[in-house]
Amino acid sequence: MRLADKIVLITGSGSGIGRSSALLFAKEGAFVVVNDLNADKGNETVEEINALGGRASFVYADVTDPDSVQSMVSETLAAHGRIDVLFNNAGISGVGALHEVEPDDWDRVIRVNIRGVYLPSKYVLPHMMERASGTIINMSSCIAEMGLANRASYAATKGAVLALTKSMQVDYAKYNIRVNALLPGTIMTPFVENYLRTSYEDPEAAIASLKSRQLSNELGRPEDVAKAALFLASDESSFMMGSPLYIDGGVVFGKNA
Ligand code: NAD
């Protein structure tokens, strides 16, 4: 049990990588507090965990809304007395080259993907500081390290999350709090399926093109990222601080040509 009796809060865990991580963390002994904007999907994650004999509960919050996030954190603390791991996973996609992105769409992506990391961290950190213990995992993306076509708003947010992670680590190391970032490549989740549908006329050709930029023959699976998240959440990664962890099939450091 790599997370025995840890209390873990995962934002956006009603789907994709968040759900997969919630299932794996629960299997490794954590009590998982599942958060999502979509209560039905969040509750489905909890039911899946319970059906496998794990422990979990759902707490609604929109990670962009301070009141909602504060209630989520205080409800969790009231129920469990502590939060050992905060996984800031919730995020949305943004497509288009910069001149094509409408201001409202730009703001929406920035709001969810950056404010959605800032707010849960802001309200969980004082409690972790008081206990002088805790781990935060921030969801960035390999797009933070490379140029990709038509993802201007999304790239801006994931670069910001990586920079924020390093800065947070410096501020909170003295409280024995670790802050690291995940940088996945293309992982087949509802998020990517939606991106493929909205950005390409031929999704099969799009999948082939996504594969062609990586070294692996397969696109990533949510479980691949969940395993990396488990490592960052556990004490096994105790010497990792302010670091990016790549799960990308060789996109960033490989060259498939
Ligand atoms: P997903 O769409 O399957 O899941 C994201 C979840 O976040 C959804 O359940 C959604 O309801 C929830 N959510 C969205 N806005 C929210 C809000 N304001 N408050 C609370 N919950 C909210 O997506 P996914 O592919 O599992 O992505 C999870 C994270 O991983 C995102 O931050 C994404 O940017 C990042 N990521 C994904 C990939 C990929 O290829 N799938 C690659 C790199 C990074």
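Residues numbered from 1 in each chain as written. Predicted model: local features only at pLDDT ≥ 70, side-chain atom pairs only at ≥ 80, totals over all residues. Heavy atoms only, no water.

## So, the domain arrangement of the protein chain
Entries for the protein chain in the domain assignment read domain 1 (7-185 + 221-243) and domain 2 (190-219). When each unit is reduced to the centre of its C-alpha atoms, the spacing between domain 1 and domain 2 is 24 Å. Taken together, the contacts link 10 residues of domain 1 with six residues of domain 2. Carbon and sulfur atoms make up 63% of the surface buried where domain 1 meets domain 2, a total of about 620 Å² over both sides. Across the contact surface, domain 1 and domain 2 share zero salt bridges. Scanning the region where domain 1 abuts domain 2 turns up zero residue pairs in polar contact (both at pLDDT 80 or more). Here the residues of the side of domain 1 that touches domain 2 are counted per class, giving four nonpolar, four polar and two charged. (Domains from an automatic or database assignment. Contact = heavy atoms within 4.5 Å. Buried area = accessible area lost by both parts, 1.4 Å probe. Salt bridge = Lys/Arg side-chain N within 4 Å of Asp/Glu carboxyl O. Polar contact = N/O pair within 3.5 Å; in protein donor to acceptor, adjacent residues only side chain to side chain. Nonpolar A, V, L, I, M, F, W, Y, C, P; charged D, E, K, R; others polar.)

## Examining the site of the ligand
Taken together, 28 residues form the shell around the ligand, and within it Ser15, Ile17, Asp36, Tyr154 and Thr189 come nearest. Asp36 places a polar side-chain atom, nitrogen or oxygen, 2.6 Å from an oxygen atom of the ligand. Between the ligand and Gly185, the relevant distance is 3.3 Å, taken from an oxygen atom to a main-chain nitrogen or oxygen of the residue. In the complex, the protein chains occlude 93% of the 830 Å² of accessible area that the ligand would expose alone. Those elements that place two or more of their residues in the shell around the ligand are helix H1 (16-27), strand S2 (31-36), helix H5 (152-172) and helix H6 (190-199). (Near = heavy atom within 4 Å. Areas by Shrake-Rupley, 256 points an atom, 1.4 Å probe, with all protein chains shown as cover. Helix = DSSP H or I, 4+ residues; strand = E, 2+ residues; numbered from the N terminus.)

## Regarding unusual backbone geometry
Positive phi, normally seen in glycine, also occurs at Ala132, with a value near 55°. With respect to the helices and strands, Ala132 occurs in the loop between helix H4 (103-131) and strand S5 (134-139). The backbone of Asn176 shows a phi angle near 60°, a positive value even though the residue is not glycine. Relative to the helices and strands, Asn176 resides in the loop between H5 and strand S6 (177-184).

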